[in-house]
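# Per-entry structural report
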Amino acid sequence: SSMKNERIRELEAIGFVWVLQAKGPQVKWEERFAELKAFEKEHGHTNVPSVYPTNPQLGNWVTEQRTHYRLMREGKQSSMKNER
């Protein structure tokens, strides 16, 4: 899926840290983002552990977002684009 600049701004607006792969059914980006917002509200940060027993899928999703962002910044193949 594609990540738009608006989504990047939304993540950054709640303190998402980019420097830090999921299997199973595909869940919409918006659903995981809502889970991340709930995590941030509860914990005061967005540093979801990659191994997060409470919601393993969220930990995987956060790791995936960071990976695609890093690849995009390095000019490598990624599903994330600057214009997204």
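As the structure is a prediction and not an experimental result, all values here were calculated from the model.

## What to know about the overall build of the chain
- Assigned secondary structure in the chain consists of three helices and zero strands.
- Order of helices (α) and strands (β) in the chain, N terminus to C terminus: α-α-α.
- A total of 84 residues make up the chain; the buried ones form 35% of that total.
- Of the roughly 5,600 Å² that the chain leaves accessible, carbon and sulfur atoms contribute 49%.

## A short note on helix α3 (residues 56-73)
- Spanning 18 residues, α3 covers 26 Å between terminal C-alpha atoms, matching the ideal 26 Å at 1.5 Å per step.
- Turning to α3, its buried residues number three or more, namely Leu58, Gly59, Trp61, Val62, Gln65, Arg66, His68, Tyr69, Leu71 and Met72.
- Structurally, α3 contributes buried residues whose contacts are with α1 (5-13) and α2 (29-43).
- The first or second residue beyond α3 is Gly75, which carries a positive phi of 75 degrees.

## Here's the deal with the pattern of salt bridges
- According to the stated counting rule, one finds four salt bridges in the structure shown.
- With a shortest N-O distance of 2.4 Å, Arg7 and Glu30 are connected by a salt bridge.
- Residue class for Glu30 comes out partly exposed when judged on its relative accessible area of 42%.
- When the shortest N-O distance is used, the salt bridge between Lys76 and Glu74 registers 3.3 Å.
- Taken together, the shared-partner salt bridges in this structure form one network comprising Arg70, Glu74 and Lys76.

Conventions used here
Residues numbered from 1 in each chain as written. Predicted model: local features only at pLDDT ≥ 70, side-chain atom pairs only at ≥ 80, totals over all residues. Heavy atoms only, no water. Helix = DSSP H or I, 4+ residues; strand = E, 2+ residues; numbered from the N terminus. Buried < 20%, exposed > 50% of the residue type's maximum accessible area, 1.4 Å probe, protein only. Areas by Shrake-Rupley, 256 points an atom, 1.4 Å probe, with all protein chains shown as cover. Expected span 1.5 Å × (residues − 1). Contact = heavy atoms within 4.5 Å. Salt bridge = Lys/Arg side-chain N within 4 Å of Asp/Glu carboxyl O.

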